[in-house]
Amino acid sequence: MLTFIWAQDEQGNIGKDNTMPWHLPADLAYFKKQTTGHTIVIGRKTYESFGRALPNRRNIVLSRDQNLSLPDAEVIHDKKEVLKLAETEEVFICGGAEIYRLFRDQASRLLVTKIGASFEADTAFPELDWSKFQEVSRIEGQEDEKNRYPFTFYTYERVEN
Ligand SMILES: NC(=O)c1ccc[n+]([C@@H]2O[C@H](COP(=O)([O-])OP(=O)(O)OC[C@H]3O[C@@H](n4cnc5c(N)ncnc54)[C@H](OP(=O)(O)O)[C@@H]3O)[C@@H](O)[C@H]2O)c1
């Protein structure tokens, strides 16, 4: 199964200058809780923005560069390898925009944090056929001095139609 996980602002934006446009530690904690112990798949640019593999997860990086090798992550070049893996386990697609676009027709579950604010950005979550998904849960986040924007964790599942 393929699960998408991401955070977006009110405009659907997800990135700026190869980093996140906001500081929201509660969302990072949610991401960690959801993905720890699982396989994550990220684009080469998102790997660079992390600066390293994320601990306690199998890290797979997608790149077209046949010469790329990373000290702490597996590099693959073909999305088919990810789809094969997703036949036997839940694989988390963790961005960025190019990678969400690449797998948007295969995603079964979407975990999206919607942030109730707008940020300067250069990267947006791609178009998706939302009519194929239904919301199954929503949990409101707690604003506090470290998490200064309203945010809600949504889960959607693909509906067969
Ligand atoms: N808000 C969130 O939840 C969230 C999550 C993740 C990322 N982000 C943000 O998103 C931005 C990065 O997104 P992005 O779209 O620019 O880059 P990206 O999706 O992280 O990486 C793009 C790279 O993936 C590789 N790639 C793409 N399609 C491929 C294919 N079909 N086969 C093999 N490799 C392929 C290429 O690497 P090569 O160039 O090496 O060939 C390409 O340059 C950053 O600002 C980041 O902070 C936000």
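In what follows, the structure referred to is the one given above.
Residues numbered from 1 in each chain as written. Predicted model: local features only at pLDDT ≥ 70, side-chain atom pairs only at ≥ 80, totals over all residues. Heavy atoms only, no water.

Trainee: An account of the side chain of Thr152 is needed here, citing residue identities and associated values.
Mentor: Along the chain, the position of Thr152 falls in strand β10 (residues 151-158). The contacts of Thr152, once residues within four sequence positions are left out, are Val112, Thr113, Lys114, Arg138, Ile139, Glu140 and Gly141. (Helix = DSSP H or I, 4+ residues; strand = E, 2+ residues; numbered from the N terminus. Contact = heavy atoms within 4.5 Å.)

Trainee: For the environment of Phe153, give the residues involved together with the corresponding values.
Mentor: Mapped onto the fold, Phe153 is located in strand β10. C-alpha separation for the pair Phe153 and Asp78, spaced 75 residues apart in sequence, amounts to 31 Å. Sequence-distant contacts of Phe153, defined by excluding residues within four places in its chain, comprise Ala26, Asp27, Tyr30, Val112, Thr113, Ser137, Arg138, Ile139 and Gly141.

Trainee: Please provide a residue-by-residue account of helix α1 (residues 25-35), values included.
Mentor: When we look at burial in α1, the residues that qualify are Asp27, Tyr30, Phe31 and Thr35. On an axial view of α1, the arc spanned by its buried residues comes to 115°, and they lie on one face. What points out from α1, more than 90 degrees from its buried face, is the exposed set Lys32 and Lys33. Packed against the buried residues of α1 are β1 (2-8), β3 (39-43), β6 (91-93), β7 (109-115) and β10. Positive backbone phi, approximately 85°, marks Gly37, located one or two places after α1. (Buried < 20%, exposed > 50% of the residue type's maximum accessible area, 1.4 Å probe, protein only. Arc of directions from axis to C-beta.)

Trainee: Tell me about the site of the ligand, and name the residues and values.
Mentor: Around the ligand sit 26 residues, and of these Ala7, Arg44, Thr46, Ser63 and Arg64 come closest. Interatomic distance of 2.8 Å between a backbone N/O atom of Ala7 and an oxygen atom of the ligand. Within the contact set of the ligand, an oxygen atom lies 3.4 Å away from a backbone nitrogen or oxygen of Ile99. Listed by contribution, the elements that provide at least two residues to the shell around the ligand are β1, β2 (13-15), α2 (44-50) and α4 (97-103). Classifying every residue of the shell around the ligand by side-chain character gives 11 nonpolar, 9 polar and 6 charged. (Near = heavy atom within 4 Å. Polar contact = N/O pair within 3.5 Å; in protein donor to acceptor, adjacent residues only side chain to side chain. Nonpolar A, V, L, I, M, F, W, Y, C, P; charged D, E, K, R; others polar.)

Trainee: Kindly report on the nonpolar core, identifying the contributing residues and their values.
Mentor: Among the nonpolar cores identified, the biggest contains 25 residues, and Phe4, Trp6, Val82, Ile93, Phe103 and Leu110 are the most heavily contacted of them. Looking at this core, the elements with two or more residues in it are β1, β4 (58-62), α3 (79-85), β6, α4, β7 and β10. Per element, the largest residue contribution to this core is 4 residues, and it comes from α4. Beyond its immediate chain neighbours, meaning those up to four positions away, Trp6 contacts Ile14, Tyr100, Leu110, Leu111, Val112, Thr113, Phe125 and Trp130. Within the second largest apolar cluster, 22 residues are counted, among which are Ile5, Ile40, Phe151 and Phe153. (Core = buried A, V, L, I, M, F, W, Y, C linked by side-chain atoms within 4.5 Å.)

Trainee: I'd like to hear about the packing of aromatic side chains, residue by residue, with values.
Mentor: With the rule as written, the count across this model stands at 14 aromatic pairs. Ring centres 3.8 Å apart and planes at 5° place the aromatic pair Trp6 and Phe125 in the stacked group. Here Trp6, found in strand β1, pairs with Phe125, found in the loop between β8 (123-124) and β9 (133-140); they are 119 residues apart in sequence, far enough to count as distant. Taking the relative accessible area as the measure of exposure, Trp6 reaches 5% and is therefore buried. One aromatic cluster is present, formed by Phe4, Trp6, Tyr100, Phe125, Trp130, Phe133, Tyr154 and Tyr156 through successive ring pairs. In this arrangement the basic side chain of Lys114 is found over the ring face of Trp130, its NZ or CZ atom lying 5.9 Å from the centre. (Phe/Tyr/Trp six-rings, centres within 6.5 Å; stacked < 30°, edge-to-face > 60°. Lys NZ or Arg CZ within 6 Å of the ring centre and 35° of its normal.)

Trainee: Describe unusual backbone geometry, with residues and values.
Mentor: Between Gly95 and the following residue, Gly96, the backbone shows a cis peptide bond with an omega angle of 0°. Structurally, the position occupied by Gly96 is in the loop between β6 and α4. Non-glycine residue Asp17 carries a positive phi angle of around 50°. You will see that Asn18, though not glycine, has its phi angle at about 55°, which is positive. Mapped onto the elements, Asn18 comes out in the loop between β2 and α1.

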